[in-house]
Amino acid sequence: MRHKELTAKGKATRRRIVEGAAEVLRERGVGTVTLDDVMARTGTSKSQLFHYFPDGKDELLLAVARFEAAQVLEDQQPYLGRLESWEDWERWRDVVVARYETQGDTCPLGSLFLQVGRSTPGARSIVVELLRQWQESLAAGIRAVRADSGPGTGVDVDVDARAAALLAAIQGGVSILLSTGRSDHLRAALDQGIADLRRDLDPAPAATPR
């Protein structure tokens, strides 16, 4: 359904509803939360809720999924946006591990997609866009440290393939964490991925994985 352009106040109200819904969904789980729960948390009426989300709960859940996807990237800042040195990469690594350890064995974004279904219009594009932005940020970081390493260093490194592989390794580690509650594999994936990059891009001896 096509929406009319919202005023600044309307955009702020809609964002408040989405953020409030995200909070209650994280606390109680997607499957048990009702629109009444969201209205109670956000102090909105039913007519107000349907004004901003005419298609009801599925539309609201998609909006929350977009919010959660953006949060995945936001939680990695400022480090994800400035991977210009190996120290930056290590700080980013620590932030990623801490984020997913704090999240534990639940995944709000995954739960949302189970509820609305990946075939729901717009659902798959949220994940695609999240991964695209994440991979592009990693690729930019690889190019930055390669440029800093001097002319001719790492010319054979396929930057986009390395960024894709590192992202896939992270997702694998996160999947195991969600299944077991343990972050060992996520830590290993990040440590090995960064060590491999440093070996191929840093003229100095690469650091040993932690």
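For the structure itself, look to the data block above.
Residues numbered from 1 in each chain as written. Predicted model: local features only at pLDDT ≥ 70, side-chain atom pairs only at ≥ 80, totals over all residues. Heavy atoms only, no water.

## Observations regarding the overall build of the chain
Secondary structure assignment for the chain yields nine helices and zero strands. Put simply, the chain runs from its N terminus to its C terminus through helices and strands in the order α-α-α-α-α-α-α-α-α. A burial count over the chain gives 41% of its 210 residues as buried. Summed over its atoms, the accessible surface of the chain is roughly 11400 Å², and 51% of this surface lies on carbon and sulfur atoms. Here the chain carries 28 positive and 30 negative side-chain charges, and the mean point of each set is 6 Å from the other. (Helix = DSSP H or I, 4+ residues; strand = E, 2+ residues; numbered from the N terminus. Buried < 20%, exposed > 50% of the residue type's maximum accessible area, 1.4 Å probe, protein only. Areas by Shrake-Rupley, 256 points an atom, 1.4 Å probe, with all protein chains shown as cover. Lys, Arg positive; Asp, Glu negative; His and termini not counted. Charge placed at Lys NZ, Arg CZ, Asp CG, Glu CD.)

## Observations concerning the pattern of salt bridges
Between side chains of opposite charge, pairing is possible as soon as their charged atoms come close. A complete count under the given rule lists 18 salt bridges for this structure. With its nearest N and O atoms 2.7 Å apart, the salt bridge here joins Arg41 to Glu27. In this pair, Arg41 is assigned in helix H2 (residues 35-42) and Glu27 in helix H1 (residues 8-28), connecting sequence segments 14 residues apart. We note a salt bridge from Arg99 to Asp75, for which the minimum N-O separation is 3.0 Å. Highlighted residues: Arg99 in helix H5 (residues 86-103) and Asp75 in the loop between helix H4 (57-74) and H5, separated in sequence by 24 residues. Residue Arg99 is classed as buried on the basis of its relative accessible area, which comes to 11%. Sharing partners across several salt bridges, the network here consists of Arg162, Asp196, Arg199 and Asp200. (Salt bridge = Lys/Arg side-chain N within 4 Å of Asp/Glu carboxyl O.)

## Focus: the environment of Gln135
Mapped onto the elements of the fold, Gln135 is located in helix H7 (residues 123-148). Residues Gln135 and Gly104 lie 31 residues apart in sequence; the distance between their C-alpha atoms is 23 Å. Non-local contacts of Gln135, meaning those with residues more than four positions away in its chain, are made with Asp160, Ala163, Ala164 and Leu167. (Contact = heavy atoms within 4.5 Å.)

## Quick notes on the packing of H7 against helix H8 (residues 159-180)
Contact pair H7 / H8: the axes reach a minimum separation of 8 Å and the direction vectors enclose 125°. Between H7 and H8, the interaxial angle falls into the category oblique. Here H7 and H8 pass one another in a crossing that is right-handed. Facing Leu131, Trp134, Gln135, Leu138, Ala139, Ile142, Arg143 and Arg146 of H7, the residues of H8 in contact are Val159, Asp160, Arg162, Ala163, Ala164, Leu166, Leu167, Ile170 and Gln171. Split into classes, the residues belonging to the contact of H7 with H8 amount to 11 nonpolar, two polar and four charged. (Axes fitted to C-alpha atoms, helices over the stretch in contact; angles between N-to-C directions. Parallel < 35°, antiparallel > 145°, perpendicular 65-115°, else oblique. Left-handed = near helix turned anticlockwise from the far one by under 90°. Nonpolar A, V, L, I, M, F, W, Y, C, P; charged D, E, K, R; others polar.)

## Here's the deal with H7
An α-helical turn contains 3.6 residues, so any two residues separated by three or four positions project in the same direction. Taking 1.5 Å of rise per residue, the 26 residues of H7 would be expected to cover 38 Å, and the 39 Å separating its terminal C-alpha atoms lies within 8% of that figure. Among the residues of H7, those classed as buried are Ala123, Ile126, Leu130, Trp134, Leu138, Ala139, Gly141, Ile142 and Val145. In this structure, the buried side of H7 is in contact with H4, H5, helix H6 (108-116), H8 and helix H9 (184-201). Looking one or two residues past H7, Gly150 carries a phi angle of roughly 105°, positive in sign. (Expected span 1.5 Å × (residues − 1).)

## Observations regarding the nonpolar core
With 57 residues, the main nonpolar core has Trp89, Trp92, Trp134, Leu138 and Ile170 as its most contacted residues. Among the elements that line this core, the one with the most residues is H4, at 10 residues. Among all residues touching Ile170, those that are not within four sequence positions of it are Trp92, Val96, Trp134, Leu186 and Leu190. (Core = buried A, V, L, I, M, F, W, Y, C linked by side-chain atoms within 4.5 Å.)

## Side note on the packing of H1 against H4
Close contact between H1 and H4 brings their axes to 9 Å; oriented N to C, the two are set at 85°. Comparing their axes, H4 and H1 come out roughly perpendicular. From H1, Arg14, Arg15, Ile17, Val18, Glu19, Ala21, Ala22, Leu25 and Arg26 reach across to H4, where they touch Leu60, Leu61, Ala63, Val64, Phe67 and Glu68.

## Some points on unusual backbone geometry
Gln77 connects to Pro78 through a cis peptide bond whose omega is 5°. The residue Pro78 is located in the loop between H4 and H5 in this model.

## Quick word on the packing of aromatic side chains
Overall, the coordinates contain two aromatic pairs when judged by the stated rule. Within the aromatic cluster, the residues linked to one another by ring pairs are Trp86, Trp89 and Trp92. For the cation-ring pair, Arg99 lies above Tyr100, with the distance from its terminal atom to the ring centre recorded as 4.9 Å. (Phe/Tyr/Trp six-rings, centres within 6.5 Å; stacked < 30°, edge-to-face > 60°. Lys NZ or Arg CZ within 6 Å of the ring centre and 35° of its normal.)

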